[in-house]
Amino acid sequence: MSSFTLITPPTATVSQQEHTNARTLRLTAPKCMFDAMDTLSENGFENIIIFGGALRDTYMNAAFRDIDIWCTIADPLSGEAADKLIQQLQQNPRFSDVKLKAKLELQDEYGRVAGVGKIGIECTMDQSFVLDLNISNTALSRAYTALRGDAPINSIAMGRDGEILADPQFEDHAHRGIYRVRPDRLSEIERIRARFSKISQRHTRLVFDTSQIEDAQLQADAQKRSSRVAAGGLFGR
């Protein structure tokens with residue numbers, strides 16, 4: 001039986017109303033991305049969306065090392081389902097180094113494990129690039145996925161039809177080399193810094209911009225001070 005790592009679900013940063021903000025991006029994705037989607041589809045994966053770094057690097061004329069994919073399966077997620085998926089991928093000669101990365105466990109109101117929300121599997125395809133599979137029972141729309149990145153420059157997604165959607169600021173930030181962290185990702189800042197450190201090795205002109213986070217932090221601190229003052233006034237009466 002595989003060992004699992006409990007992971008924290010990402011912060012939900014996109015509302016239903018914001019989905020329409022994603023813009024169509026004129027970009028031709030490399031054949032290997034379509035090949036990966038087709039091969040996964042043949043192996044029972046559904047609602048396949050490629051998102052993030054590989055598409056960003058393609059747009060910025062840089063080589064990518066892995067492809068991030070969101071997809072679903074028909075069976076309910078469980079430890080047994082994870083083992084089954086790994087065995088299935090291992091039996092396909094196009095995949096190698098198949099391994100379980102993480103499991104998101106869902107908890108009930110009492111803190112007890114109530115199921116599995118997401119499974120992460122990593123594998124190498126055709127001995128050339130890594131697929132980072134995020135497997136769920138919940139299908140995400142391309143527009144939603146295109147706006148979930150920690151920064152506009154990472155907010156881009158593509159379905160099997162080849163249409164690519166991206167954050168409205170994606171092109172501007174890609175051309176100007178801006179990695180501007182979203183203000184609602186403050187709690188993830190250290191992990192994001194580590195990610196930027198790796199990305200900047202390939203994109204040396206990228207600038208890490210936390211101005212929006214700093215503004216959000218200042219506003220939060222001001223609200224805390226205001227609350228303390230109000231509470232002091234209330235109890236001082």
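Residues numbered from 1 in each chain as written. Predicted model: local features only at pLDDT ≥ 70, side-chain atom pairs only at ≥ 80, totals over all residues. Heavy atoms only, no water.

A. Looking closely at the packing of aromatic side chains. Tallying each qualifying case throughout the model produces four aromatic pairs. Between the aromatic rings of Tyr179 and Phe196, the centroid separation amounts to 5.3 Å while the plane-to-plane angle is 75°, which identifies the pairing as edge-to-face. Of the two residues, Tyr179 is situated in strand S9 (residues 178-180) and Phe196 in helix H6 (residues 189-199); the sequence distance between them amounts to 17 residues. With respect to class, Tyr179 is no different from Phe196; both count as buried. Between the aromatic rings of Tyr179 and Phe208, the centroid separation amounts to 5.7 Å while the plane-to-plane angle is 40°, which identifies the pairing as tilted. Of the two residues, Tyr179 is situated in strand S9 and Phe208 in strand S10 (residues 207-209); the sequence distance between them amounts to 29 residues. Both residues of the pair, Tyr179 and Phe208, count as buried. By the ring-pair criterion, three or more aromatic residues cluster together here, those being Tyr179, Phe196 and Phe208. Above the plane of the ring of Trp70 lies Arg148, whose end atom (NZ or CZ) is 5.4 Å from the centre. (Phe/Tyr/Trp six-rings, centres within 6.5 Å; stacked < 30°, edge-to-face > 60°. Helix = DSSP H or I, 4+ residues; strand = E, 2+ residues; numbered from the N terminus. Buried < 20%, exposed > 50% of the residue type's maximum accessible area, 1.4 Å probe, protein only. Lys NZ or Arg CZ within 6 Å of the ring centre and 35° of its normal.)

B. Structural context of the environment of Asn43. Along the polypeptide, Asn43 turns up in the loop between helix H1 (31-42) and strand S2 (46-51). In this structure Asn43 comes out as buried when scored by relative accessible area, which is 15%. Along the sequence, Asn43 and Ile73 sit 30 residues apart, while their C-alpha atoms lie 9.9 Å from each other. With near-sequence residues (within four places) excluded, Asn43 lies in contact with Gln88, Asn92 and Phe95. A distance of 2.8 Å separates the side chain of Asn43 from the backbone oxygen of Thr39, its partner in a polar contact. (Contact = heavy atoms within 4.5 Å. Polar contact = N/O pair within 3.5 Å; in protein donor to acceptor, adjacent residues only side chain to side chain.)

C. Up close: H6. Burial in H6 covers these residues: Ile189, Ile192, Phe196 and Ile199. With its buried residues spanning 75° around the axis, H6 presents them on a single face. In H6, the exposed residues that point more than 90 degrees away from the buried face are Glu190 and Lys198. (Arc of directions from axis to C-beta.)

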